[in-house]
Each structure stands twice: as C-alpha cells, then as structure tokens.
Amino acid sequence: MKKERHPTKAAHTLKSAGISTTQQRLAVLNILQQASRPLSVGDIRKQLDPVSSVNKVTVYRIVSLLKKQGIVRDISSASGSPYFEMATSDHPVHPHFNCTSCGTVNCLTPLTFSQARQLLNQPDNFSVDHIEINISGLCNGCLHATKLQNQTLKKGHR
Ligand SMILES: [Zn+2]
Ligand SMILES: [Zn+2]
C-alpha cells in the first residue's frame, strides 16, 4: 500500500486523539470528514474501497472508538440505527432533520451561542454532557415524490 508522505488531516486528528493510525481507521475517518451529512455504518462501508473488504463489525468498532475519543458524534434516527458525523471543533453541535420516508439524516444550521447557552443552563443538580435535537418529517425528495403520487391518485379518481 502507498505510504502518505505528508500526514493527512485524518492522520493528524487520530494522532492528536492518541489513537494509533491504521489504514482502516484513516479510511473511515476520511469518509466522515468528507461527508456532507451524517452516515450510518452501512453508508460508510459502501464508500470504503471494496478491495479492503472491511466488514460491518470493524466499521462499527472504528466509529465507536472515534466516538469515545470525541472525534465523531452519533445521531439517533427514526430507523433506530445511529448515524455518525464529525464532532471536532469545526463541526459544532447542530440539530438534524431525519426523513421518515427514506431515512436520510441531514444537518441543520448550528445553534446560536445564546440558544446553546440556554440549553446548557439547566437546574443546579444537572450536568449536561450531551445535547441532541432531532427533527423528523419528509425530505425534499420524498415530499415531491408524495405530492406527485397524490396528484396521480387524484387524477385516477376522476
Ligand atoms: Zn426522504
Ligand atoms: Zn450534522
């Protein structure tokens, strides 16, 4: 396998979190860094080089390790399987939109500082260490599909 001469962003992230660098970990992290929306373990596996044939359990172990080190966060979805995205400082906490039809999870605009502070301002006996806001409904694609379907149905009844 080709050795990288310069440490990549992914390699740097792993190193600063104290995780030893392996090709598989780098590959998974690279995919997550380049993703425009949260990915499930299945999504990640589909994007991995088929030649490397990393199984689902291995991908799951890698994302769990990354999560434990605070590099990625998981987002629960309506389907029950978690989605993963970067949790590094350039990816602040933000709400997510989960389509109940096709299951995709999309990122929404991050919370403003005052909104986040309000959420963190909990009663004295609480220690907040996780904030998750999930909104569900139909994504653009599915909404259009439903509209089209309804139109066809209406026409059929005439
Ligand atoms: Zn959808
Ligand atoms: Zn997100």
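This paragraph deals with the overall build of the protein. Check the secondary structure of the protein and you find 6 helices and 6 strands. Helices and strands appear in the protein in the N-to-C order α-α-β-α-α-β-β-β-β-α-β-α. Its C-alpha atoms give the protein a radius of gyration of 19 Å, clearly above 15 Å, the size a compact globule of 158 residues would have. Expressed along its principal axes, the backbone C-alpha trace of the protein runs to roughly 65 × 50 × 25 Å. Of all 158 residues assigned to the protein, the portion counted as buried reaches 16%. Restricting the contact set of the protein to residue pairs at least 6 apart, pairs at least 24 apart contribute 46%.

If you check the domain split of the protein, you get domain 1 (1–88) and domain 2 (92–158). In this structure, domain 1 and domain 2 have C-alpha centres spaced 24 Å apart.

In strand S4 (residues 96–99), alternate side chains face the same way, and those of His96 and Asn98 are buried while those of Phe97 and Cys99 on the opposite face are not. One ladder, built from 3 bridges, connects S4 with strand S5 (residues 105–107); its direction is antiparallel. Paired with asparagine 98 across the bridge in S5 is valine 105. Of the strand pairs in this sheet, S4 and strand S6 (residues 134–137) are connected by 4 bridges, and their pairing is parallel. Within S6, the residue paired with histidine 96 across the bridge is asparagine 134.

The subject of this paragraph is the nonpolar core. Judged by nonpolar contacts, the single largest core of 18 residues is most densely connected at Val28 and Val63. With 4 residues, helix H4 (residues 56–68) is the single largest residue contributor to this core. Not counting residues within four places of it along the chain, the set of residues in contact with valine 28 comprises Ile44, Val59, Ile62 and Val63.

About the criteria used
Residues numbered from 1 in each chain as written. Chains lettered and ligands numbered in written order. Predicted model: local features only at pLDDT ≥ 70, side-chain atom pairs only at ≥ 80, totals over all residues. Helix = DSSP H or I, 4+ residues; strand = E, 2+ residues; numbered from the N terminus. Rg over C-alpha atoms; globule rule 2.2 N^0.38 Å. Buried ≥ 20, exposed ≤ 12 C-beta atoms within 10 Å, placed from the backbone. Contact = placed C-beta atoms within 7 Å. Domains from an automatic or database assignment. Pairing = 2+ DSSP bridges. Core = buried A, V, L, I, M, F, W, Y, C linked by C-beta atoms within 7 Å.

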